[in-house]
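Chain residues, written in single-letter form:
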Amino acid sequence: MPLEPKVTAVAPLDTDQAKWIGLKKIHYTDQDGKKRVWESAERKTRGASGIDAVAILAILRSRTNAFPLSTVVIEQYRPPIDKFVIGRSKAFKSRRTSFTDQHCKKELPAGLIDKDETAEQAAIRELEEETGYKAEKVAESSPIIYSDPGMSNANMKLVVASVPMNDQLEMPDSKLDVGEHIVKRVIPLNKLNATLKVYDEKGYVVDARLAHFATGYDIAQRIGSGAFP
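Please read all numbers here as calculations on a predicted model, not as lab measurements.

### Observations regarding the overall build of the chain
A tally of helices and strands in the chain yields three helices and 12 strands. The C-alpha radius of gyration of the chain comes to 19 Å, within 12% of the 17 Å expected for a compact globule of 229 residues. Taking the principal axes of the C-alpha coordinates as reference, the chain spans close to 60 × 45 × 40 Å. Taken over 229 residues, the chain has a buried fraction of 37%.

Here it is in structure tokens:
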């Protein structure tokens, strides 16, 4: 049985000792001509694409309508918050561990873009590695977006991947590296927002980007049916 991950110590980190993230002091002049200073964090891994990372919205669909239009989310432990994010993992079929609900966070499959990759290439690779699903094609790729521009210049793209299946829902094995612990969950799109609310009530942590998508999708469905507000 896997152990429960936990933070065992926290200490200050000098920028010159950091491998993945750096700190910058930004001097700038505001709209009133006043000189100001801003503290910012940035990734050290940005490659030629100029994009740090990619999140993947996989659309799982059956050519025979054997299952409802769905997506895959993952559970993964995130040390900065000492909790799991909804989320990612390989042990989807038989995951029973000592992990408590209060340590779980839900999110879309995602990952950093390798040095010579495009965001779209990284999305296809990361989706297969984390969930086992092979995208037939990239249906849409967002502009470059920023999750927290008040704190960091870290950016990303959202890539929508089409994953058609001939009939029934398939559950392929993930292709995780040693040390990766990711759980996948397949959820019908029309139940995604309600499902995430249930997870929240149970003490899970939901990634903001996944929550925003789920809320937007739910509202769009309600507007389309005349049930909003």
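### Focus on the packing of aromatic side chains
One pass over the structure, following the stated rule, counts four aromatic pairs. With a centroid separation of 6.3 Å and an interplanar angle of 65°, the aromatic rings of Tyr-28 and Trp-38 are classed as edge-to-face. Residue Tyr-28 is found in strand S1 (residues 21-29), and its partner Trp-38 is found in strand S2 (residues 35-43); the two are separated by 10 residues along the sequence. The positively charged end of Lys-184 is found above the aromatic ring belonging to Tyr-133, 5.2 Å away from the centroid.

### Focus on unusual backbone geometry
The omega torsion across Phe-228 and Pro-229 is 5°, close enough to zero to call that bond cis. By the element assignment, Pro-229 lies in the segment after helix H3 (208-225). If you check the backbone angles, Asn-65 has positive phi at about 60° while not being a glycine. Classification of Asn-65 as exposed rests on a relative accessible area of 68%. Phi is positive for Asp-82, close to 55°, though the residue is something other than glycine. Structurally, Asp-82 is set in the loop between strand S4 (70-78) and strand S5 (83-86).

### Concerning helix H1 (residues 119-131)
In a regular helix each residue adds 1.5 Å, so 13 residues correspond to 18 Å; H1 covers 18 Å between its end C-alpha atoms and thus fits that length. Within H1 the residues assigned to the buried category are Ala-119, Ala-122, Ala-123, Glu-126, Leu-127, Glu-128, Glu-130 and Thr-131. In the stretch just after H1, Gly-132 is the one whose phi turns positive, near 90°.

Definitions and cut-offs
- By convention here, each chain's residues receive numbers from 1 onward along its written sequence.
- In keeping with the model being predicted, local features are shown solely for residues with a pLDDT of at least 70 and side-chain atom pairs are shown and tallied solely at 80 or more, while totals for entire chains, interfaces and linings include all residues.
- Side-chain calculation: all heavy atoms of the structure are included, whereas hydrogens and water are not.
- Secondary structure follows DSSP: runs of H or I at least 4 residues long count as helices, runs of E at least 2 residues long count as strands, and numbering of each begins at the N terminus.
- In this description the radius of gyration comes from C-alpha coordinates, and the expected globular size is given by 2.2 Å times residues to the power 0.38.
- Throughout this description, buried means an accessible area under 20% of the type-specific maximum (1.4 Å probe, protein chains only), exposed means over 50%, and partly exposed covers the range between.
- Any pair of Phe, Tyr and Trp rings, taking the six-membered ring for Trp, is counted once the centres come within 6.5 Å. Such a pair is stacked with planes under 30 degrees apart, edge-to-face with planes over 60 apart, and tilted for the rest.
- By definition, being over a ring means that NZ of Lys or CZ of Arg is both within 6 Å of the ring centre and within 35 degrees of the ring normal.
- Multiplying one less than the number of residues by 1.5 Å gives the expected span of a helix.

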